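# Fold and geometry: a report
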Amino acid sequence: MTDHGQFGAVLLLIRTPFQAWLIEKIIELNHLVHYDLIYYTHNDSEEDRHYFDILSKRARKSAYFYVKKKRFDILNHLFFLVRSLLFVMFSKYDAVYLSSIDSYSINSVASRKGKSRIFTFDDGTANYNLASSYHDCNKSFKERLYVIFLRVESLSSLKRKIVKHYTNHVNKPNIVEKERLIEIDFQGRSFIKSGIDEIVFLIGAPFSEVLSCEEIERLELALSKFNISYYVKHPREVELLNLNVPVLQKKGRIAEDAILKAAEGKAITLIGLTSSVMFNLEEVARQRRVLVPFSQKGENHLVEMARGSGCEIIFF
């Protein structure tokens, strides 16, 4: 490694548009020039393609691995892993940058490059939600078999190897202690929070994956009481909520980037579930309203984090 964090050859392992958006900033911060890129996706969304195209233009070599989810979970990991190992077979890297530390295929690729230094970066709320799989090192019997069969390193062992972790939230708990955190600053932190003009964004989500049909109906009723300007569709959102709200044209960008561009100096209000967008735009949004189903009214670490960061919590 040379001065100012510069490397020779670097491997980037990316799984989501948000990760790709963050790695752009890390590339600029560390002046990464010689990098290879693997982009994994089960969705093949417009956002996936958009950020892969941006990153691949500067890569030495790149690969876009789209695997439609298989019925048997082990096949998903095998398809990604085999293709990845063929991609990196004859390559040596000074460093590997990854985010999804709980991904068996990504973990296995990084672990097989034993002489490479490991750098990680945020993957949304999983990093600072202490109840997420990123912090729970207890594996089921099936997961322990995956670890052996796919040659995956334990989370605790992998986390010990992390040289630095890049985050938007240096004051929140993360997968490593604060001394190993590096803050990523992004344009918009000086955004105007005050002003007469307001623009309200509904943050979409894969609602059918996390809510029951009854909860979705109650959510729609709750949201109908707000004057929402734009519906920000989630990449995995198959069916939109039944609301008469225009969909924000993101043009392949992640929600955070698209919102800042669409606001055009107006005061931002966000409304939605407990998504990473609520935390990532904490310093630029004037108001953040987080809707939580009554079934989660008990102890919920993520909801309490949202409340502590200044979000208004609304139960439905």
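The following refers to the structure shown. (Residues numbered from 1 in each chain as written. Predicted model: local features only at pLDDT ≥ 70, side-chain atom pairs only at ≥ 80, totals over all residues. Heavy atoms only, no water.)

### What about the overall build of the chain?
Assigned secondary structure in the chain consists of 11 helices and 12 strands. Taken over C-alpha atoms, the radius of gyration comes to 20 Å for the chain, in line with the 20 Å a tight globule of 316 residues would show. Each principal axis of the C-alpha atoms in the chain carries an extent, and together these give about 60 × 45 × 35 Å. Taking all 316 residues of the chain together, the buried fraction comes to 55%. Taking contacts inside the chain between residues at least 6 apart in sequence as the whole, the part at least 24 apart equals 63%. Counting only carbon and sulfur atoms, one obtains 51% of the accessible surface of the chain, whose full area is about 15,400 Å². Each charge sign in the chain was given a centre, from 44 positive and 38 negative side chains, and these centres are 6 Å apart. (Helix = DSSP H or I, 4+ residues; strand = E, 2+ residues; numbered from the N terminus. Rg over C-alpha atoms; globule rule 2.2 N^0.38 Å. Buried < 20%, exposed > 50% of the residue type's maximum accessible area, 1.4 Å probe, protein only. Contact = heavy atoms within 4.5 Å. Areas by Shrake-Rupley, 256 points an atom, 1.4 Å probe, with all protein chains shown as cover. Lys, Arg positive; Asp, Glu negative; His and termini not counted. Charge placed at Lys NZ, Arg CZ, Asp CG, Glu CD.)

### Side note on the packing of helix H1 (residues 17-30) against helix H2 (residues 46-56)
Direction vectors running N to C along H1 and H2 enclose 20 degrees, while the axes themselves pass 9 Å from each other. As judged from the angle between their axes, H1 and H2 are roughly parallel. In this structure, H1 meets H2 at a crossing whose hand is left-handed. Here Pro-17, Ala-20, Trp-21, Ile-23, Glu-24 and Ile-27 of H1 come into contact with H2, specifically with Glu-47, Asp-48, Tyr-51, Ile-54 and Leu-55. Here the residues of the contact of H1 with H2 sort into 8 nonpolar, no polar and 3 charged. (Axes fitted to C-alpha atoms, helices over the stretch in contact; angles between N-to-C directions. Parallel < 35°, antiparallel > 145°, perpendicular 65-115°, else oblique. Left-handed = near helix turned anticlockwise from the far one by under 90°. Nonpolar A, V, L, I, M, F, W, Y, C, P; charged D, E, K, R; others polar.)

### Thoughts on the sheet that holds strand S5 (residues 117-121)
Pairing in this open sheet of 7 strands is parallel, and the strands run S3-S2-S1-S4-S5-S6-S7 from one edge to the other. In this open sheet, the two strands that pair with only one neighbour each are strand S3 (61-66) and strand S7 (181-183). Geometrically, the sheet is characterised by an average inter-axis angle of 20 degrees between neighbouring strands, direction not taken into account. Strands strand S1 (10-14), strand S2 (35-41), strand S4 (95-98), S5, strand S6 (162-167) and S7 of the sheet are contacted by H1, whose axis makes an angle of about 155 degrees with S1. (Pairing = 2+ DSSP bridges.)

### Things to note about the packing of aromatic side chains
Using the criterion set out here, one finds 11 aromatic pairs in the structure. Between Phe-201 and Tyr-230, the aromatic rings sit 6.1 Å apart at their centres with planes inclined by 20 degrees, giving stacked as the arrangement. Remark: Tyr-230 occurs in strand S9 (residues 230-232) and Phe-201 occurs in strand S8 (residues 198-203); sequence separation between them is 29 residues. Residue classification places Phe-201 among the buried residues on the basis of a relative accessible area of 0%. In this structure an aromatic cluster arises from ring pairing among Tyr-39, Phe-52 and Tyr-64. The ring of Phe-315 is capped by Lys-297, whose NZ or CZ atom sits 5.2 Å from the centre of that ring. (Phe/Tyr/Trp six-rings, centres within 6.5 Å; stacked < 30°, edge-to-face > 60°. Lys NZ or Arg CZ within 6 Å of the ring centre and 35° of its normal.)

### Re a nonpolar patch on the surface
A cluster of nonpolar side chains, contributed by Val-82, Leu-86, Met-89 and Phe-90, occupies part of the molecular surface with about 480 Å² of accessible area. Relative to the assigned elements, Val-82 resides in helix H3 (residues 73-88). (Patch = residues over 30% accessible without salt bridge, like charges linked within 9 Å, V, L, I, M, F, W, Y side chains within 5 Å. Salt bridge = Lys/Arg side-chain N within 4 Å of Asp/Glu carboxyl O.)

### Thoughts on helix H11 (residues 301-308)
Among the residues of H11, those classed as buried are Leu-302, Val-303, Met-305 and Ala-306. An end-on view of H11 places all buried positions within 160 degrees of arc, on one side of the element. Residues of H11 that are buried in the fold lie against helix H10 (276-280), strand S11 (285-292) and strand S12 (312-315). Of the residues flanking the start of H11, the one acting as N-cap is Asn-300, its side-chain oxygen 3.1 Å from the backbone nitrogen of Leu-302. Once H11 finishes, Gly-310 follows within two positions and takes phi at roughly 105 degrees, a positive value. (Arc of directions from axis to C-beta. Polar contact = N/O pair within 3.5 Å; in protein donor to acceptor, adjacent residues only side chain to side chain.)

### Quick word on the nonpolar core
Of all hydrophobic cores here, the largest spans 32 residues; its most connected members are Leu-11, Leu-13, Ile-38, Tyr-40, Phe-87 and Leu-98. Broken down by secondary-structure element, the contributors of at least two residues to this core are S1, S2, S3, H3, S4, helix H4 (104-112) and helix H6 (155-161). Other than its neighbours up to four places away in sequence, Leu-13 contacts Gln-19, Ile-38, Tyr-40, Val-96, Tyr-97, Leu-98, Ser-99, Ile-106, Val-109, Ala-110 and Phe-121. (Core = buried A, V, L, I, M, F, W, Y, C linked by side-chain atoms within 4.5 Å.)

### Here we look at the pairing of S5
Taking burial as the measure, the 5 residues of S5 include 4 buried ones, the bulk of the element. Direction of pairing for S4 relative to S5: parallel, over a ladder of 4 bridges. Across the sheet, Val-96 pairs through a bridge with Ile-118, a residue of S5. Each parallel crossover has a hand, and the one from S4 via H4 to S5 is right-handed. As defined by bridge partners, S5 adjoins S6 across 4 bridges and the pair is classed as parallel. Within the sheet, the bridge partner assigned to Thr-120 lies in S6 and is His-165. (Right-handed = clockwise from strand over helix to strand, strands pointing away.)

### Some thoughts on the side chain of Arg-288
Mapping Arg-288 onto the fold places it in strand S11. Engagement of the side chain of Arg-288 in a polar contact is seen with the backbone oxygen of Met-278, the distance being 3.0 Å.

### Here we look at the sheet that holds strand S10 (residues 267-272)
Pairing in this open sheet of 5 strands is parallel, and the strands run S9-S8-S10-S11-S12 from one edge to the other. Each edge of the sheet is formed by a strand with only one pairing partner; in this case those strands are S9 and S12. Geometrically, the sheet is characterised by an average inter-axis angle of 25 degrees between neighbouring strands, direction not taken into account. In terms of strand pairing, S8 meets S10 through 6 bridges, oriented parallel. By the bridge assignment, Glu-198 is partnered in S10 with Ala-267.

Remember, this is a structural readout, not a statement about activity or role.
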